[in-house]
Amino acid sequence: MSITENYKKLLAEIRGKATLVAVSKTKTSAEIMELYNLGQRDFGENYVQELQDKIKKLPNDIRWHFIGHLQTNKAKMVVDFVHLVQSVDSIKLLTELDKQGEKNGRVIQCLLQVHISDESTKFGFSTQELEELFTVTGRLQKFSHIKISGLMGMASFTDDDVKIRKEFATLRSLFVRFADVNFSNCNFSILSMGMTADYKTAIGEGSNMIRIGSLLFGERIASTPKESK
C-alpha cells in the first residue's frame, strides 16, 4: 500500500486511543509532506543533524519529537525548536536541557525514558533511578525550564507477546505511580510506548502515544550513520 493508504488505515484503527508520532528518520521531505498534507503534524526524529536540515525545509507548524538517544553536548542544538524530547535518559541530560531552556527562554517539554527491557543496547532510567528522582528532596524540583510530561519506553525486540506485555505493564504502573507527584515542573499526561511491531499491545496496556515508522513509510533501505559523540 502507499504511504497515504497506510496512514489512513492506521489512523482509523487508533483514533481516540493514542496520538500518532510518525517516525520520519531517513525519510525525504516529499514523504513527510505526503503525511503533512493529510493532516499529520507530529513527527519523530533520531538524529540531530538530520532534524536540523529538515527544519529548514518543512512547515513550521510541525511538532518535532526527538526520540533517539540525545547526547548531552547536542542538547543545545534542538532546544530552540523541538516540541517534545521523548528520550531523556539521565539526570545529566535533564540538567543540560534545563540549562539550555533557560538560555533560550523556553520551558522544554520532556518525557523520561525508562529502561524496561533486558537489552543492554537500550537507554533509560532504571526503576530504582526513577524512584530516587521523584523521592529524593530537591532532585527534580530545582529544574525551572523543563516540564516532565510523562514517560517513554521501548520493549524488548522479541516475538514473545507475554514478555512485551509485561514490560509495557511495568511502565504503565510507574506512570500511574508518579502521575500525582506535586511538583510544578511535572504534569504527567503522556505515556509513549509502542512501535510498528508492538503498538497494538502497547495501546492495550495503556499507551496514549505511539511511534510508528516502517508501517507508514515502508521498511528502510539504508540507515543514517550513528552520530559521533
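This text follows the structure it describes.
Residues numbered from 1 in each chain as written. Predicted model: local features only at pLDDT ≥ 70, side-chain atom pairs only at ≥ 80, totals over all residues. Heavy atoms only, no water.

Novice: Sorry if this is basic, but what is going on with the overall build of the protein here?
Specialist: Counting its secondary structure elements, the protein contains eight helices and eight strands. In terms of overall size, the protein behaves like a compact globule, its C-alpha atoms giving a radius of gyration of 17 Å where 229 residues would be expected to give roughly 17 Å. Across its three principal directions, the C-alpha atoms of the protein cover 50 × 40 × 35 Å. Each of the 229 residues in the protein was classed as buried or not, and the buried ones make up 50%. For the protein, the share of sequence-separated contacts (at least 6 apart) that also reach a separation of at least 24 residues comes to 60%. Total accessible area computed for the protein in this model is approximately 11200 Å², and 49% of it derives from carbon and sulfur atoms. (Helix = DSSP H or I, 4+ residues; strand = E, 2+ residues; numbered from the N terminus. Rg over C-alpha atoms; globule rule 2.2 N^0.38 Å. Buried < 20%, exposed > 50% of the residue type's maximum accessible area, 1.4 Å probe, protein only. Contact = heavy atoms within 4.5 Å. Areas by Shrake-Rupley, 256 points an atom, 1.4 Å probe, with all protein chains shown as cover.)

Novice: Any chance you could explain the side chain of Asn 185 here in plain terms?
Specialist: Along the chain, the position of Asn 185 falls in the loop between α6 (161-178) and β7 (186-193). For Asn 185, the side chain forms a polar contact with the main-chain oxygen of Phe 143, separated by 2.8 Å. Once residues within four sequence positions are removed from consideration, Asn 185 is found in contact with Leu 140, Gln 141, Phe 143, Ile 146, Lys 147 and Ile 148. (Polar contact = N/O pair within 3.5 Å; in protein donor to acceptor, adjacent residues only side chain to side chain.)

Novice: When you look at the pairing of strand β4 (residues 84-88) in this model, what are you seeing that I'm missing?
Specialist: Here is the key point about a regular strand: its side chains alternate between the two faces of the sheet. With five of its five residues buried, β4 lies for the most part within the structure. As judged from the two bridges shared by strand β3 (residues 63-66) and β4, these two strands associate in the parallel manner. Its bridge partner being in β4, Phe 66 is matched across the sheet by Val 85. Taken together, β4, helix α4 (residues 91-104) and strand β5 (residues 108-114) form a β-α-β motif whose crossover is right-handed. (Pairing = 2+ DSSP bridges. Right-handed = clockwise from strand over helix to strand, strands pointing away.)

Novice: Got a minute to help me understand the packing of aromatic side chains in this structure?
Specialist: In total, this model carries four aromatic pairs according to the counting rule given. Ring centres 5.9 Å apart and planes at 80° place the aromatic pair Phe 134 and Phe 188 in the edge-to-face group. Placement of the pair is Phe 134 in helix α5 (residues 127-135) and Phe 188 in strand β7, with a sequence separation of 54 residues. Exposure remark for Phe 188: the relative accessible area of 11% places this residue in the buried category. A network of ring pairs unites the aromatic residues Phe 134, Phe 175, Phe 178 and Phe 188 as a single cluster. The lysine or arginine in question, Arg 41, covers the ring of Tyr 36, its NZ or CZ lying 3.6 Å from the ring centre. (Phe/Tyr/Trp six-rings, centres within 6.5 Å; stacked < 30°, edge-to-face > 60°. Lys NZ or Arg CZ within 6 Å of the ring centre and 35° of its normal.)

Novice: Which parts of the structure should I look at to understand unusual backbone geometry?
Specialist: With the exception of glycine, most residues fall at negative phi, and the peptide bonds are largely trans. Even without being a glycine, Thr 26 presents a positive backbone phi close to 70°. Residue position: Thr 26 is located in the loop between β1 (19-23) and α2 (29-36).

Novice: Looking at this structure, how should I read the side chain of Glu 45?
Specialist: Relative to the helices and strands, Glu 45 resides in strand β2 (residues 42-45). There is a polar contact of 2.8 Å between the side chain of Glu 45 and the side chain of Lys 54. If near-sequence neighbours (up to four positions away) are discounted, Glu 45 is found in contact with Ser 24, Lys 25, Ile 32, Glu 50, Leu 51, Lys 54, Trp 64, His 65, Phe 66, Ile 67 and Gly 68.

Novice: I keep staring at the nonpolar core and nothing clicks. Help me out?
Specialist: The nonpolar side chains of a soluble globular protein tend to be buried with one another. Within the largest apolar cluster, 62 residues are counted, with the highest numbers of intra-cluster contacts made by Leu 97, Leu 112, Phe 134 and Leu 151. The next biggest cluster of nonpolar side chains, apart from the first, holds six residues, and it includes Leu 84, Leu 111, Met 152 and Met 209. (Core = buried A, V, L, I, M, F, W, Y, C linked by side-chain atoms within 4.5 Å.)

Novice: In this structure, what is going on with α6? I would like to understand it.
Specialist: Owing to its 3.6 residues per turn, the α-helix brings residues three or four apart onto one side. Between its first and last C-alpha atoms α6 spans 26 Å; for 18 residues at 1.5 Å apiece the expected length is 26 Å, and the two agree. Check the buried side of α6 and you find it contacts β5, α5, β6 (146-153), β7 and α7 (199-204). For α6, the side-chain oxygen to backbone nitrogen distance between the N-cap and Val 162 is 3.1 Å, and the N-cap itself is Asp 160. (Expected span 1.5 Å × (residues − 1).)

Novice: In this structure, what is going on with the state of the cysteines? I would like to understand it.
Specialist: Note on terminology: a disulfide is the covalent bond linking the sulfur atoms of two cysteines. What the rule picks out here adds up to zero disulfides. With no disulfide of its own, Cys 110 lies 10 Å from the sulfur of Cys 186, the closest cysteine sulfur. On the basis of relative accessibility, which here comes to 10%, the residue Cys 186 falls in the buried class. (Disulfide = S-S within 2.5 Å.)

Novice: I'm lost on α5 in this one. Help?
Specialist: Taken together, the buried positions of α5 are Leu 130, Leu 133 and Phe 134. Seen end-on, α5 carries its buried residues on one side only, within an arc spanning 85°. (Arc of directions from axis to C-beta.)

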